[in-house]
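Fold and contact review
Take a look at the letters that make up each chain.
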Amino acid sequence: MVMAKLLKLMLLFCIAGLVPTIQAEVSELDEYWSQRADEAREFTLQAYHSDPYEIVDHFHERHYDNSTDDHDVTPTDEDSNAKPEEVESTEVIEMVGDNNNSTNSTRRSLRGKGKGKWSKLKGPCTASNPIDKCWRCRKNWHKRRKKLVKCVRGFGHMTVGGKHGRIYVVTSNLDEDMVNPEPGTLRHAVIQKESLWIIFKNDMSIRLNQELLINSFKTIDARGANVHIAHGAGITMQFVRHVIIHGLHIHHISESSGGMIRDSSDHFGMRTRADGDGLSIYGSSNIWLDHISMSQCQDGLIDAIVGSTAITISNSHFTHHNDVMLLGAQNTYELDKKMQVTVAYNHFGKGLVQRMPRVRWGFVHVVNNDYTHWELYAIGGSQGPTILSQGNRFIAPPHLPHYREVTKRDYAPEEEWKHWNWRSEKDIFMNGAYFRQSGDPNYETDHTRRNIIKPKNGYAVSKLTKYAGALDCRVRRRC
């Protein structure tokens with residue numbers, strides 16, 4: 001009996017001593033993320049372009065025009081004749097984990113020999129839009145990976161990702177330790193504080209046990225491998241800058257419970273439940289998402305919220321999802337007025353319902369995308385965003401005659417939204433689709449060439465978006 005009382009007393013002392021420790025951890029976490037948020041706001045203001053119309057003709061500069069003539073897009077060997085100093089010579093980090101069998105057992109099916117989106121494409125390599133013409137159809141692209149940085153256009157044109165860092169080779173598909181991730185894993189790569197260009201040693205499917213928190217100045221470059229982020233948690237960019245994600249398949253993402261997760265090599269902390277977004281951009285700037293295939297996430301495919309800006313989403317393929325793309329999440333968060341996003345050369349395909357994108361506040365340039373499927377609407381918004389739709393193709397659902405309008409405005413009467421600048425230029429409409437314009441009928445863009453892509457007519461969209469989604473790139477072969 002005496003022993004039992006002593007044990008209870010000892011337990012009480014232990015709990016009493018633990019409480020201050022827990023509170024200190026919460027206090028430290030709040031202070032840490034508050035500081036990160038303050039820094040992110042400053043970067044948002046720096047990345048914001050006070051006159052977004054200065055970006056209109058960016059793709060008209062030099063040889064990055066919008067021509068789709070065959071002589072402009074056929075393969076070239078000009079890089080094969082490059083001078084030796086033009087070929088990248090950079091230190092490579094190949095971190096090998098303890099598990100020698102860490103490559104995914106289903107990699108054979110990931111290759112899709114003779115099957116899949118690209119199996120029917122024959123003939124010479126062709127690059128059909130200005131971003132792709134900047135790097136594709138060159139045999140030695142793998143020796144000059146970082147040249148990709150020169151190709152970004154639109155509001156994310158200043159993004160450098162991991163250009164100034166070493167190359168990190170992911171060798172393992174495991175994701176087992178959230179606090180001390182194994183070297184050679186994707187989680188270990190993205191949390192490093194240094195600038196890194198991250199590539200993959202072989203095909204792999206990665207199931208994230210918790211959300212993957214990416215640090216600043218990172219490029220995830222899946223060219224040369226077939227890489228799936230699937231059947232687990234999604235990817236988060238929170239209060240970071242200069243991130244490039246290229247060539248991933250992201251699908252079947254579900255919510256995660258949260259817990260202790262490392263977000264930097266020198267910090268980890270408690271995270272709450274993640275909603276199940278495929279890609280979440282939170283208070284971040286200078287982000288480029290290119291050639292990504294996305295479908296079937298529990299929440300949204302892409303969210304860009306809480307003052308995120310200087311973003312380009314290009315050459316991606318979206319299918320089988322309800323809420324596709326959310327740009328701005330709160331009616332009361334006015335820092336989203338600084339949000340500037342380019343959505344270009346994407347294919348919004350089978351099984352999509354709405355939000356392509358759905359915008360609050362901010363300025364969004366939707367240019368040369370192919371909208372072949374929706375069930376409620378394609379482009380929506382509230383809180384007076386500016387939406388410039390140029391050179392897109394909108395094909396209304398033939399089986400849903402009441403949902404042929406491309407646009408949808410929320411939480412405002414017509415007396416209010418009629419002043420929002422939602423303009424359509426060079427778009428084409430099929431199956432009775434129509435775009436309800438509002439704002440100044442004489443509204444014209446006056447962005448610089450740096451920020452706004454000069455559009456082609458909507459009739460060229462099928463060619464411009466022909467290679468949307470993750471490409472089947474292999475080393476020493478043209479992509």
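The rules behind these values
Residues numbered from 1 in each chain as written. Predicted model: local features only at pLDDT ≥ 70, side-chain atom pairs only at ≥ 80, totals over all residues. Heavy atoms only, no water. pLDDT = per-residue confidence, 0-100. Contact = heavy atoms within 4.5 Å. Pairing = 2+ DSSP bridges. Helix = DSSP H or I, 4+ residues; strand = E, 2+ residues; numbered from the N terminus. Salt bridge = Lys/Arg side-chain N within 4 Å of Asp/Glu carboxyl O. Buried < 20%, exposed > 50% of the residue type's maximum accessible area, 1.4 Å probe, protein only. 1 Å grid on protein atoms, 1.4 Å probe; cavity = no way out; pocket = protein on both sides within 12 Å on 5 of 7 lines; lining within 4 Å. Points joined across faces, edges and corners; volume = space filled by probe spheres on them. Nonpolar A, V, L, I, M, F, W, Y, C, P; charged D, E, K, R; others polar. Core = buried A, V, L, I, M, F, W, Y, C linked by side-chain atoms within 4.5 Å. Phe/Tyr/Trp six-rings, centres within 6.5 Å; stacked < 30°, edge-to-face > 60°. Polar contact = N/O pair within 3.5 Å; in protein donor to acceptor, adjacent residues only side chain to side chain. Disulfide = S-S within 2.5 Å.

A short note on the confidence of the model for the protein chain
Per-residue pLDDT for the protein chain has a mean of 84; in total, 78% of the residues score no lower than 70. Contacts for the low-pLDDT stretch residues 96-116, under 50 throughout, to residues beyond four places or in other chains number 28 contacts.

A few points about the sheet that holds strand β29 (residues 393-395)
Sheet architecture is open: nine strands sit in the order β4-β7-β10-β15-β18-β22-β26-β29-β32, paired in parallel fashion. Among the strands making up the open sheet, the edge pair consists of β4 (204-206) and β32 (428-430). Sheet topology places β29 next to β32; three bridges connect them, and they run parallel. The residue bridging Phe394 from the neighbouring strand is Phe429, located in β32.

Comments concerning the pattern of salt bridges
Applying the stated criterion to the full structure yields 20 salt bridges. Here Arg136 makes a salt bridge to Asp132, at a shortest N to O gap of 3.5 Å. Take Arg136 and Asp132: they sit in the same class, and that class is buried. Three or more residues are tied together by salt bridges with common partners; here these are Arg145, Asp221 and Arg223.

Digging into the layout of surface pockets
Taken as a whole, the second largest pocket holds about 630 Å³ of empty space. Looking at the lining of the second largest pocket, the elements with two or more residues in it are α1 (2-47), β8 (235-238), β12 (267-271), β13 (279-282) and β16 (302-305). A per-element tally of the lining of the second largest pocket places α1 first, with seven residues. Here the residues of the lining of the second largest pocket are counted per class, giving 13 nonpolar, nine polar and nine charged.

Overview of the environment of Ala433
Mapped onto the fold, Ala433 is located in the loop between β32 and α7 (461-464). Spatially, the C-alpha atoms of Ala433 and Pro401 are 9.3 Å apart, while their sequence positions differ by 32 residues.

A short note on the nonpolar core
Core analysis: the largest hydrophobic core is formed by 67 residues, its most contacted members being Leu186, Phe200, Ile235, Ile245, Leu248, Leu279 and Phe318. In contact with Phe318, not counting residues within four places along its chain, are Met294, Leu301, Ile302, Ile313, Val324, Met325, Asn346, His347, Phe348, Gly349, Lys350 and Leu352. Judged by nonpolar contacts, the second largest core, of 25 residues, contains Ile131, Leu148, Val160 and Tyr467.

Description of the packing of aromatic side chains
Applying the stated criterion across every chain, the model contains ten aromatic pairs. Between Phe155 and Phe363, the ring centres sit 5.8 Å apart and the planes meet at 75 degrees, which makes this aromatic pair edge-to-face. Residue Phe155 is found in the loop between α4 (130-133) and β2 (166-170), and its partner Phe363 is found in strand β25 (residues 363-367); the two are separated by 208 residues along the sequence. Note on accessibility: Phe155 and Phe363 belong to one class, buried. Ring plane angle 35 degrees and centroid distance 6.0 Å describe the contact between Trp420 and Trp422, whose orientation is recorded as tilted. For Trp420, a relative accessible area of 7% corresponds to the buried category.

As for the environment of Val179
In this fold, Val179 is placed in the loop between β2 and α5 (186-190). What makes Val179 buried here is its relative accessible area of 18%. When neighbours within four sequence positions are excluded, Val179 is seen to be in contact with Met260, Arg262 and Phe268.

With respect to unusual backbone geometry
For the bond from Met356 to Pro357, the omega torsion is 5 degrees, close enough to zero to count as cis. Along the chain, Pro357 falls in the loop between β23 (352-354) and β24 (358-360). Even without being a glycine, Tyr345 presents a positive backbone phi close to 60 degrees. Following the sequence through the fold, Tyr345 ends up in the loop between β21 (340-344) and β22 (347-348).

Description of the side chain of His142
Residue position: His142 is located in the loop between α4 and β2. By relative accessible area, which is 18% here, His142 ends up buried. Among the polar contacts made by the side chain of His142, one reaches the main-chain carbonyl oxygen of Lys139 at a distance of 3.5 Å. Once you skip the residues sitting within four places of it in the chain, His142 turns out to touch Val475 and Arg476.

Details of the state of the cysteines
Scanning the model with the defined rule gives three disulfides in all. Sulfur-sulfur distance for the disulfide between Cys134 and Cys151 comes to 2.1 Å. The S-S bond linking Cys134 to Cys151 shows a torsion near -75 degrees; that makes this disulfide left-handed. Here Cys134, found in the loop between α4 and β2, pairs with Cys151, found in the loop between α4 and β2; they are 17 residues apart in sequence, far enough to count as distant. Taking relative accessible area as the criterion, Cys134 reaches 13% and is therefore assigned buried. Two residues, Cys473 and Cys479, share a disulfide whose sulfurs are 2.1 Å apart. Look at the protein chain and number its bonded cysteines as they come in the sequence; the links are 1-3, 2-4, 5-6.

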